[in-house]
Amino acid sequence: MSKITDSARGESCQVRIPGVCSGDSSTVVWAHAIGAAAGKGIGMKSHDALGAYACQQCHDAYDRRTRPKDMPYARIKECFQDGHMRSLKILIDKGLVKV
């Protein structure tokens, strides 16, 4: 594990999908961004800097392991992008990402 993925322990979910997010910090992991734009491919994760602190429920919705009712996937992606920005700020504050 990298310092970024390790840093998820005890963090709060930053993805915060309405009606999905559990708010349970004990389930928060570093969720890697998906899609070719993030460098994700078959058997490849995106770079650690391209992710967000996500609870298990938000992570499952973003990775499409679950399908929240009446919520377009575009909204879930928007929540992830917002969560990525919040998470990146936390990483900068922790000194794990230098600017």
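In this report, the structure presented in the accompanying data block is examined. Bear in mind the structure is a predicted one, so any value in this text is a computation, not a measurement.

## Details of the environment of serine 46
Thinking step 1. Topologically, serine 46 is positioned in the loop between β1 (29-32) and β2 (51-54).
Thinking step 2. The class for serine 46 is buried, based on a relative accessible area of 4%.

## Some thoughts on the pattern of salt bridges
Thinking step 1. With the rule as written, the count across this model stands at five salt bridges.
Thinking step 2. With its nearest N and O atoms 2.7 Å apart, the salt bridge here joins glutamate 11 to lysine 94. Linking glutamate 11 in the loop between α1 (3-6) and β1 with lysine 94 in helix α3 (residues 73-94), this pair joins segments that are 83 residues apart in sequence.
Thinking step 3. Look at glutamate 11 and you get buried, because its relative accessible area is 16%.
Thinking step 4. Between arginine 75 and glutamate 78 there is a salt bridge; the shortest N-O distance is 3.1 Å. You can see arginine 75 and its partner glutamate 78 sitting in helix α3, three residues apart, about one turn around the helix.

## Here we look at the nonpolar core
Thinking step 1. With 24 residues, the main nonpolar core has Val15, Ile17, Tyr53, Cys58 and Phe80 as its most contacted residues.
Thinking step 2. When contributions to this core are tallied by element, the ones reaching two or more residues are β1, β2, α2 (56-62) and α3.

## Things to note about the side chain of glutamine 14
Thinking step 1. Positionally, glutamine 14 belongs in the loop between α1 and β1.
Thinking step 2. Among the polar contacts listed, one links the side chain of glutamine 14 to the side chain of arginine 16, at a separation of 2.9 Å.
Thinking step 3. Residues in contact with glutamine 14, not counting those within four places in the same chain, are Tyr53, Gly83, Arg86, Ser87 and Ile90.

## Observations concerning the packing of aromatic side chains
Thinking step 1. In total, this model carries three aromatic pairs according to the counting rule given.
Thinking step 2. Here the aromatic rings of tyrosine 62 and tyrosine 73 are separated by 6.5 Å at their centres, their planes lie at 20°, and the arrangement is stacked. Taken together, the residues span a long stretch of sequence, with tyrosine 62 in helix α2 and tyrosine 73 in helix α3 at a distance of 11 residues.
Thinking step 3. The buried category is assigned to tyrosine 73, whose relative accessible area is 18%.
Thinking step 4. Both rings, one in tyrosine 62 and one in phenylalanine 80, keep their centres 3.8 Å apart while their planes meet at 5°; by these two values the pair is stacked. Of this pair, tyrosine 62 sits in helix α2 while phenylalanine 80 sits in helix α3; the two residues are 18 residues apart in sequence, bridging distant segments of the chain. Neither residue differs from the other here; tyrosine 62 and phenylalanine 80 are each classed as buried.

Here is what the cut-offs are and how they apply
Residues numbered from 1 in each chain as written. Predicted model: local features only at pLDDT ≥ 70, side-chain atom pairs only at ≥ 80, totals over all residues. Heavy atoms only, no water. Helix = DSSP H or I, 4+ residues; strand = E, 2+ residues; numbered from the N terminus. Buried < 20%, exposed > 50% of the residue type's maximum accessible area, 1.4 Å probe, protein only. Salt bridge = Lys/Arg side-chain N within 4 Å of Asp/Glu carboxyl O. Core = buried A, V, L, I, M, F, W, Y, C linked by side-chain atoms within 4.5 Å. Polar contact = N/O pair within 3.5 Å; in protein donor to acceptor, adjacent residues only side chain to side chain. Contact = heavy atoms within 4.5 Å. Phe/Tyr/Trp six-rings, centres within 6.5 Å; stacked < 30°, edge-to-face > 60°.

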